[in-house]
Amino acid sequence: MEVGLGNKTGVETLVNLSKPHHHVHKNFTVPGLLLNYVLGFMAFSVIYLFSYDIHWKYYKLDRKRVNMFVYTVRFVRIVHAVMATFVAIPIMLITTEFLKDRYLILDMFVAMSGGYLTFDVVGKYNEHLQVYEPAGKLISYRIIRRYVRKNWLLLAHHTFLVIFVYPSVLFARDDEGDFVVACLLFTELSVPFTEMQWIMEQTLEPHNLRYIIVSMCAIATTVVCRILIIPFLYEALADHMEMSVLDFTLSLAPWWHIAALAYLVPNMVWLGRNIFKTMVYLRIPYERKRKAKPGEKIDRSKIPKEEKRLKED
């Protein structure tokens, strides 16, 4: 079935983009993908600038402890994660042919996400300049080296996606596997919780009930959406091929398993860091009470060593 937008209304166009089709790439050329990439970078940059202005004017955040650019990068990540989740969930629910059903909106969003990842690297670099580097110096070998050393995991993740994963998704899968791509986009569901957890650690006392709930949601969604999603995909595709999971696993080329491990390892590292960080933050109020003298009022403006070290990570 050919996918042509023609003179349809906006609602009809959106429905058409969300319907399963075949051979979508014939109607979505390389220039179109590059245009979506550029539009993605520009759109998230505009969101970044506007959200910075809104935060600065209307939110009473502690500007002395953390620069406003830090909050703004997190807000843009939440926006992208919500968009990815809304694209992925309908595709996961309505797909009947796991390998054959194609969705034009998925290709468009993947290309736009490439622009988002490029923006995220630039935004994170700007955050690094504002928080950790002396004012007035925009770029130097030492600044870049410190930036890479501090954010090597994020840079490795984004580089792997932009150079290998996204081109493979758009050009090297022979019009098959949109369900798999949608499942990988579904992993973004954990991002709003992890970013809200970080923001609460900077702006509030990070050991109240809200922080506990957000932290548990962040850990749970990371486990379910970022780690268990790989075994789920193996099981779902094995069931679709009417094979046992073991036979299906052994039938795959080695590079499939290498790609799965390359995806799982960084997420498991992030999960371990998050669990450790949450445990430290939840322990802080009890450490304060234990060390306080009878009748002494605890000065909550003083940050213990654990918090200082965590804020530098």
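Residues numbered from 1 in each chain as written. Predicted model: local features only at pLDDT ≥ 70, side-chain atom pairs only at ≥ 80, totals over all residues. Heavy atoms only, no water.

Draft legend 1. Up close: helix H7 (residues 178-186). Counting buried positions along H7 yields eight of nine residues, so the element is predominantly enclosed. Listed in full, the buried residues belonging to H7 are Asp178, Phe179, Val180, Val181, Ala182, Cys183, Leu185 and Phe186. Taken together, the buried residues of H7 touch helix H3 (68-94), helix H4 (104-132), helix H6 (152-171), helix H9 (209-227) and helix H10 (229-240). (Buried < 20%, exposed > 50% of the residue type's maximum accessible area, 1.4 Å probe, protein only. Helix = DSSP H or I, 4+ residues; strand = E, 2+ residues; numbered from the N terminus. Contact = heavy atoms within 4.5 Å.)

Draft legend 2. Representation of the nonpolar core within the structure. If you look at the biggest cluster of nonpolar residues, it comprises 28 residues, and the most contacted ones within it are Leu106 and Leu185. Every element with two or more residues in this core is listed here: helix H2 (30-58), H3, H4, H6 and H7. In this structure, leucine 185 is in contact with Ala84, Val87, Ala88, Leu106 and Phe109, ignoring residues within four places of it in sequence. With 19 residues, the next largest nonpolar core counts Ile230, Leu233, Ala260 and Tyr263 among its residues. (Core = buried A, V, L, I, M, F, W, Y, C linked by side-chain atoms within 4.5 Å.)

Draft legend 3. Spotlight on the packing of H3 against H7. Packing of H3 against H7 leaves a shortest axis separation of 8 Å and a crossing angle of 140°. By the angle between their directions, the pair H3 and H7 is classed as oblique. Here H3 runs over H7; the crossing is left-handed. Of the residues in H7, those touching H3 at Ala84, Val87, Ala88, Ile89, Ile91 and Met92 are Asp178, Phe179, Ala182, Cys183, Leu185 and Phe186. Here the contact of H3 with H7 is built from residues that sort into 11 nonpolar, no polar and one charged. (Axes fitted to C-alpha atoms, helices over the stretch in contact; angles between N-to-C directions. Parallel < 35°, antiparallel > 145°, perpendicular 65-115°, else oblique. Left-handed = near helix turned anticlockwise from the far one by under 90°. Nonpolar A, V, L, I, M, F, W, Y, C, P; charged D, E, K, R; others polar.)

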